[in-house]
2 protein chains.
Amino acid sequence: MSKGLLIVLSGPSGVGKGTVCSALRKRVPELVYSVSATTRQPRIGEEHGVNYFFKSREQFLSMIENDQLLEHAQYVDNFYGTPRDFVEETINSGKDIILEIEVQGALKVKEKFPDGVFVFLLPPSLEELKDRIQGRGTENQATIDHRMSVALDEINLLEYYDYAVVNDQIDLACKRIESIIIAEHCKVRK
Amino acid sequence: MSKGLLIVLSGPSGVGKGTVCSALRKRVPELVYSVSATTRQPRIGEEHGVNYFFKSREQFLSMIENDQLLEHAQYVDNFYGTPRDFVEETINSGKDIILEIEVQGALKVKEKFPDGVFVFLLPPSLEELKDRIQGRGTENQATIDHRMSVALDEINLLEYYDYAVVNDQIDLACKRIESIIIAEHCKVRK
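Residues numbered from 1 in each chain as written. Chains lettered and ligands numbered in written order. Predicted model: local features only at pLDDT ≥ 70, side-chain atom pairs only at ≥ 80, totals over all residues. Heavy atoms only, no water.

### Description of the environment of A:Leu6
Alright, step 1. Structurally, A:Leu6 is set in strand β1 (residues 6–10).
Alright, step 2. The sequence separation of A:Leu6 and A:Ile101 amounts to 95 residues, and the corresponding C-alpha distance is 13 Å. (Helix = DSSP H or I, 4+ residues; strand = E, 2+ residues; numbered from the N terminus.)

### Looking at the state of the cysteines
Residue and element names in this part refer to chain A.
Alright, step 1. Counted under the stated rule, the structure contains zero disulfides over all chains.
Alright, step 2. For Cys21, which is in no disulfide, the shortest distance to another cysteine sulfur is to Cys174 and amounts to 8.8 Å.
Alright, step 3. Using a relative accessible area of 1% as the deciding quantity, one classes Cys21 as buried. (Disulfide = S-S within 2.5 Å. Buried < 20%, exposed > 50% of the residue type's maximum accessible area, 1.4 Å probe, protein only.)

### Comments concerning the pattern of salt bridges
Residues and elements named next belong to chain A.
Alright, step 1. Counted under the stated rule, the structure contains 20 salt bridges over all chains.
Alright, step 2. With a closest N to O distance of 3.2 Å, Asp67 and Arg84 form a salt bridge. Of the two residues, Asp67 is situated in the loop between α2 (57–65) and β5 (69–75) and Arg84 in helix α3 (residues 84–92); the sequence distance between them amounts to 17 residues.
Alright, step 3. When its relative accessible area of 38% is taken as the criterion, Asp67 is described as partly exposed.
Alright, step 4. Its salt-bridge partner being Glu128, residue Arg132 comes within 3.4 Å of it at the nearest N-O pair. In this pair, Arg132 and Glu128 both sit in helix α5 (residues 126–135), four residues apart, roughly one turn of the helix.
Alright, step 5. Among the charged side chains, a network of salt bridges with common partners joins Asp67, Arg84, Glu88 and Lys112. (Salt bridge = Lys/Arg side-chain N within 4 Å of Asp/Glu carboxyl O.)

### Focus: the packing of aromatic side chains
Alright, step 1. For the structure shown, the criterion picks out 14 aromatic pairs over all chains.
Alright, step 2. Centroid distance B:Phe60 to B:Phe79: 5.2 Å. Interplanar angle 20 degrees. Geometry classified as stacked. In this pair, B:Phe60 is assigned in helix α2 (residues 57–65) and B:Phe79 in strand β6 (residues 78–83), connecting sequence segments 19 residues apart. In this structure, B:Phe60 and B:Phe79 share a single accessibility class: buried.
Alright, step 3. Of the aromatic side chains, those joined through ring pairs into one cluster are A:Tyr52, A:Phe54, A:Tyr75 and A:Tyr80.
Alright, step 4. The ring of A:Phe118 carries A:Lys110 above its face, with NZ or CZ at 5.5 Å from the centroid. (Phe/Tyr/Trp six-rings, centres within 6.5 Å; stacked < 30°, edge-to-face > 60°. Lys NZ or Arg CZ within 6 Å of the ring centre and 35° of its normal.)

### Some thoughts on the sheet that holds strand β3 (residues 36–38) of chain A
All names here are of chain A.
Alright, step 1. Across the sheet, which stays open at both edges, the four strands sit in the order β4-β3-β6-β5 with mixed pairing between neighbours. Each edge of the open sheet is held by one strand with a lone partner, namely β4 (52–54) and β5. With direction set aside, neighbouring strand axes in the sheet form an average angle of 25 degrees.
Alright, step 2. Inspection of the sheet shows β3 paired to β4 by three bridges, in the parallel sense. Bridge pairing in β4 places Thr38 opposite Phe54. (Pairing = 2+ DSSP bridges. Axes fitted to C-alpha atoms, helices over the stretch in contact; angles between N-to-C directions.)

### As for helix α7 (residues 170–186) of chain A
Residue and element names in this part refer to chain A.
Alright, step 1. With 17 residues, α7 extends 25 Å from end C-alpha to end C-alpha; this agrees with the ideal 24 Å at 1.5 Å per step.
Alright, step 2. Counting buried positions along α7 yields twelve of 17 residues, so the element is predominantly enclosed.
Alright, step 3. Taken residue by residue, α7 has Ala173, Cys174, Arg176, Ile177, Glu178, Ser179, Ile180, Ile181, Ile182, Ala183, Glu184 and Cys186 as its buried positions. (Expected span 1.5 Å × (residues − 1).)

### Comments concerning the pairing of strand β8 (residues 117–122) of chain B
Residue and element names in this part refer to chain B.
Alright, step 1. Of all the six residues making up β8, six are buried; the element is thus mostly covered by neighbouring parts of the structure.
Alright, step 2. Here four bridges tie strand β1 (residues 6–10) to β8, and the two strands are oriented parallel to one another. Within the sheet, the bridge partner assigned to Ser10 lies in β8 and is Phe120.
Alright, step 3. With four bridges connecting them, β8 and strand β9 (residues 163–166) associate as parallel partners. Note on β9: the bridge partner recorded for Phe120 is Ala164.

### Side note on the environment of A:Ile182
Alright, step 1. Mapped onto the elements, A:Ile182 comes out in helix α7.
Alright, step 2. Residues A:Ile182 and A:Asp77, 105 residues apart in the sequence, show an inter-C-alpha distance of 40 Å.
Alright, step 3. Beyond its immediate chain neighbours, meaning those up to four positions away, A:Ile182 contacts B:Lys175, B:Arg176 and B:Ser179. (Contact = heavy atoms within 4.5 Å.)

### A short note on the interface of chain B and chain A
Alright, step 1. Tallying the contact residues gives 20 residues for chain B and 19 residues for chain A.
Alright, step 2. Taking both partners together, chain B and chain A bury about 1500 Å²; carbon and sulfur atoms supply 63% of that area.
Alright, step 3. Here chain B and chain A share two salt bridges between them.
Alright, step 4. Residues B:Lys175 and A:Glu178 are paired through a salt bridge, measuring 3.7 Å at the closest nitrogen-oxygen approach.
Alright, step 5. Our enumeration of links across chain B and chain A arrives at four residue pairs in polar contact (both at pLDDT 80 or more).
Alright, step 6. Those elements that provide at least two residues to the side of chain B that touches chain A are β9 and α7 (170–186) of chain B.
Alright, step 7. Per-element accounting of the side of chain B that touches chain A gives the leading share, eight residues, to α7(B). (Buried area = accessible area lost by both parts, 1.4 Å probe. Polar contact = N/O pair within 3.5 Å; in protein donor to acceptor, adjacent residues only side chain to side chain.)

### What about the UniProt feature "binding site: ATP" (unreviewed entry) in chain A?
Residues and elements named next belong to chain A.
Alright, step 1. Under the feature "binding site: ATP" (unreviewed entry), the UniProt entry names Gly11, Pro12, Ser13, Gly14, Val15, Gly16, Lys17 and Gly18.
Alright, step 2. Tracing the chain through its elements places Ser13 in the loop between β1 and α1 (17–27).
Alright, step 3. Here Gly18 is to be found in helix α1. (UniProt positions renumbered as here; feature names shortened; annotations may be inferred.)

In structure tokens:
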């Protein structure tokens with residue numbers, strides 16, 4: 001049996017990674033979703049192993065120590081990370097797995113998992129991205145400018161990715177990513 | 001405007017290249033078909049520039065001399081070849097072009113056009129290929145054995161191709177090739 005693929009879907013904040021990833025999982029139901037580990041408390045309705053792997057701080061630090069995370073980051077007081085075991089078990093069972101993650105995290109995953117398929121989601125234009133970042137709500141101009149500047153820095157990291165997919169329409173973006181998965185399975189490994 | 005792609009569809013005799021190529025052109029009507037040059041006489045209904053570019057022997061030899069063919073071969077008394085101009089004009093205009101060709105010819109095209117996307121069509125199994133070669137009609141056992149042996153030699157050249165597509169069902173094979181084309185357009189060029 002041949003191995004599955006690790007598909008890493010990334011892109012700047014505001015580009016629509018989450019929306020595209022959800023739509024893609026509906027379109028390709030056999031695609032496994034990489035569940036993150038976190039030290040934050042579960043919210044009502046969240047299930048261990050479905051939404052997150054909930055870990056104590058000690059457990060999480062021990063996972064870092066033992067190289068059991070493909071990447072991790074800290075937001076406010078909580079840790080988030082991608083468990084290596086879950087990814088490896090899935091692809092070894094012949095199934096494809098998708099990891100939706102921000103740009104810096106994706107590059108850390110690439111260091112540990114260079115055989116992954118790294119897909120960068122692009123906005124149709126920078127104006128469109130600005131609209132989406134502004135459209136989120138009540139941020140002031142300085143915050144919006146900062147987010148745009150971070151997004152531009154992230155787009156400059158496109159060269160480290162295998163594929164660039166424009167998110168002009170969700171269904172088109174999903175079709176492109178599905179096509180990338182099909183094509184990668186047809187690749188002659190040399 | 002970005003350039004189009006040269007898609008080279010190849011594979012052993014009997015694998016169904018022609019059938020898949022026709023079905024693919026119906027599925028992806030914007031895909032341009034690479035028209036061969038030949039010195040053979042036009043048959044009734046054949047049009048210059050549609051079925052073939054009909055050339056005199058002198059014209060054809062001059063095209064070889066002036067490196068105007070990506071590959072050429074002689075069958076019985078006639079020459080056949082792939083005009084370089086038609087391929088280059090098509091991709092420079094931003095359109096994709098598909099070339100359906102036997103395995104040795106494809107490798108010659110690769111020498112002159114390494115940026116092409118080389119797709120090898122595989123039979124679902126060797127038994128299936130034998131059935132298809134036998135099913136063609138009245139060949140004797142020695143001819144069938146010879147064709148199988150040639151096909152096996154050709155399948156050994158798979159490693160020089162970018163993608164392997166199994167022709168188990170025509171519509172599935174077409175979907176895979178269409179996916180390869182979409183994915184190649186999303187590739188980050190480094």
